[in-house]
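Each chain, letter by letter, is given below.
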Amino acid sequence: SQKIEQNSEALNIQEGKTATLTCNYTNYSPAYLQWYRQDPGRGPVFLLLIRENEKEKRKERLKVTFDTTLKQSLFHITASQPADSATYLCALETDSNYQLIWGAGTKLIIKP
Amino acid sequence: DAGITQSPRHKVTETGTPVTLRCHQTENHRYMYWYRQDPGHGLRLIHYSYGVKDTDKGEVSDGYSVSRSKTEDFLLTLESATSSQTSVYFCAISEPGTSGSGELFFGEGSRLTVL
């Protein structure tokens, strides 16, 4: 079956360290993969999009990698801050059908 | 922030009653989506629209209908609400381009409780 997996357990990271979140998928051939941030009681907010032919994408303290062989995307936040605490969602899109398939998200907690 | 508003933001209703959620955008984006979000699940697509009067089903469309009579408004109707439809509903918009659907902009969500 097709599925997207993100670590369901909360990830606790010390402030200043790099946080790394994982998104694994099976039986998809995504053309694009996106990462979003969601705060409690709010809608998701777009962070980064990476294409299947891109290995890495960066935006300020954020970095996303995309390994289509491993069927995995990693999302890194460097120099993490308590304000980075949130749930992070990955979503993939296949065949440009304009429909995203979502992971359940990983809760990130940055401790001062 | 993208101009997306959802109404109502909170609603409690009884089983068997019809419910309509409204999504209004001021961005003139072509695509509009309705998702539901439940604990332990990713966002699941209910219906989406790619233009006025152009809609299609998503992954979990049973028990839901939609309408889009204007570019800016996308309505989600639960024809006869059931307890399994208790959820948080999100509207999103996008303007597809060179990166598929592109960035989705979300509303603040509508929390629906069906008793």
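We now turn to the structure provided with this report. (Residues numbered from 1 in each chain as written. Chains lettered and ligands numbered in written order. Predicted model: local features only at pLDDT ≥ 70, side-chain atom pairs only at ≥ 80, totals over all residues. Heavy atoms only, no water.)

A few points about the overall build of chain A
Piece 1. In terms of regular secondary structure, chain A is built from zero helices and 11 strands.
Piece 2. A globule of 112 residues ought to have a C-alpha radius of gyration of about 13 Å, and chain A, at 13 Å, matches this closely.
Piece 3. Dimensions of chain A, computed from the C-alpha atoms along their principal axes, are close to 40 × 30 × 20 Å.
Piece 4. Sequence-distant contacts in chain A: of pairs separated by 6 or more residues, those separated by 24 or more amount to 55%. (Helix = DSSP H or I, 4+ residues; strand = E, 2+ residues; numbered from the N terminus. Rg over C-alpha atoms; globule rule 2.2 N^0.38 Å. Contact = heavy atoms within 4.5 Å.)

Some words on the nonpolar core
Piece 1. Core analysis: the largest hydrophobic core is formed by 23 residues, its most contacted members being L33, W35, F75, Y88 and L108 of chain A.
Piece 2. Taken together, the elements giving at least two residues each to this core come down to strand 3 (19-26), strand 4 (30-38), strand 5 (45-51), strand 7 (62-67), strand 8 (72-77), strand 9 (86-94) and strand 11 (106-111) of chain A.
Piece 3. Judged by nonpolar contacts, the second largest core, of 21 residues, contains L49, A91 and Y98 of chain A together with V88 of chain B. (Core = buried A, V, L, I, M, F, W, Y, C linked by side-chain atoms within 4.5 Å. Buried < 20%, exposed > 50% of the residue type's maximum accessible area, 1.4 Å probe, protein only.)

Focus: the environment of A104 of chain A
Piece 1. Within the element layout of this structure, A104 of chain A appears in the loop between strand 10 (100-102) and strand 11.
Piece 2. Judged by its relative accessible area of 38%, A104 of chain A is partly exposed.
Piece 3. Here the alpha-carbon distance between A104 of chain A and A91 of chain A, two residues 13 residues apart in the chain, equals 9.3 Å.
Piece 4. Apart from the residues lying within four places of it in its own chain, the contact partners of A104 of chain A are Q6 and L89 of chain A together with G40, H41 and G42 of chain B.

Some thoughts on the side chain of Q6 of chain B
Residue and element names in this part refer to chain B.
Piece 1. Mapped onto the fold, Q6 is located in strand 1 (residues 4-7).
Piece 2. A distance of 2.9 Å separates the side chain of Q6 from the backbone oxygen of Y89, its partner in a polar contact.
Piece 3. Here the side chain of Q6 touches C91 through a polar contact of 3.0 Å, landing on its backbone nitrogen.
Piece 4. The residues touching Q6, leaving out its near neighbours within four places in the chain, are R22, W34, Y89, F90, C91, G107, E108, G109 and S110. (Polar contact = N/O pair within 3.5 Å; in protein donor to acceptor, adjacent residues only side chain to side chain.)

Things to note about the sheet that holds strand 1 of chain B
Residues and elements named next belong to chain B.
Piece 1. Overall, antiparallel pairing links the four strands, which are arranged 1-3-8-7 in an open sheet. With partners counted over all chains shown, the strands left at the sheet margins are strand 1 and strand 7 (64-70), one partner each. Pairs of neighbouring strands in the sheet enclose a mean axial angle of 15°, with direction left out of account.
Piece 2. With five bridges joining them, strand 7 and strand 8 (residues 73-78) adopt antiparallel strand pairing. (Pairing = 2+ DSSP bridges. Axes fitted to C-alpha atoms, helices over the stretch in contact; angles between N-to-C directions.)

Concerning the pattern of salt bridges
Side chains that differ in charge, positive against negative, can pair when their charged atoms come close.
Piece 1. A full pass over the atoms with the stated rule returns 12 salt bridges over all chains.
Piece 2. Across the salt bridge formed by R51 of chain A and E54 of chain A, the nearest N and O atoms sit 3.7 Å from each other.
Piece 3. With its nearest N and O atoms 3.1 Å apart, the salt bridge here joins R22 of chain B to D73 of chain B. Remark: D73 of chain B occurs in strand 8 and R22 of chain B occurs in strand 3 (residues 19-25); sequence separation between them is 51 residues.
Piece 4. R22 of chain B gets classed as partly exposed once you look at its relative accessible area, which sits at 34%.
Piece 5. One continuous salt-bridge network, built from bridges that share partners, spans R51, E54 and K57 of chain A. (Salt bridge = Lys/Arg side-chain N within 4 Å of Asp/Glu carboxyl O.)

Quick look at the pairing of strand 8 of chain B
Piece 1. Sheet analysis places strand 3 of chain B next to strand 8 of chain B, joined by six bridges and oriented antiparallel. Across the sheet, C23 of chain B pairs through a bridge with F74 of chain B, a residue of strand 8 of chain B.

Side note on the packing of aromatic side chains
The description of an aromatic ring pair rests on the distance of the ring centres and on the angle between the ring planes.
Piece 1. Within the structure shown, the criterion is met by 17 aromatic pairs over all chains.
Piece 2. When the ring of Y36 of chain A is compared with that of F106 of chain B, the centres are 6.0 Å apart and the planes differ by 85°; the resulting orientation is edge-to-face. Of the two residues, Y36 of chain A sits in strand 4 while F106 of chain B sits in strand 10 (residues 105-106), which places them in two different chains.
Piece 3. According to the relative accessible area criterion, Y36 of chain A is buried, its value standing at 0%.
Piece 4. An angle of 10° between the planes, with centres 6.4 Å apart, marks the rings of Y31 of chain B and Y48 of chain B as stacked. With Y31 of chain B in strand 4 (residues 31-37) and Y48 of chain B in strand 5 (residues 44-51), this pair connects stretches of sequence that are 17 residues apart. Of the two residues, Y31 of chain B and Y48 of chain B, neither departs from the other in class, the shared state being buried.
Piece 5. A network of ring pairs unites the aromatic residues Y36, F46 and W102 of chain A together with Y31, Y33, Y35, Y48, Y50, F90 and F106 of chain B as a single cluster. (Phe/Tyr/Trp six-rings, centres within 6.5 Å; stacked < 30°, edge-to-face > 60°.)

Quick word on the state of the cysteines
Piece 1. Enumeration according to the criterion identifies two disulfides over all chains in this entry.
Piece 2. The partner cysteine of C23 of chain A in its disulfide is C90 of chain A, sulfur to sulfur 2.0 Å. Taking the sign of the torsion about the S-S bond as the criterion, the disulfide between C23 of chain A and C90 of chain A, at about 65°, is right-handed. With a gap of 67 residues between them, C23 of chain A in strand 3 and C90 of chain A in strand 9 connect regions that are remote in the sequence.
Piece 3. The buried category is assigned to C23 of chain A, whose relative accessible area is 1%.
Piece 4. Relative accessible area serves as the criterion here: at 0%, C90 of chain A is assigned to the buried category.
Piece 5. Sulfur-sulfur distance for the disulfide between C23 of chain B and C91 of chain B comes to 1.9 Å. An S-S torsion of about -70° defines the bridge between C23 of chain B and C91 of chain B as left-handed. Within this pair, whereas C23 of chain B is found in strand 3, its partner C91 of chain B is found in strand 9 (residues 87-94), the two being separated by 68 residues in sequence.
Piece 6. We classify C23 of chain B as buried; its relative accessible area is 0%. (Disulfide = S-S within 2.5 Å.)

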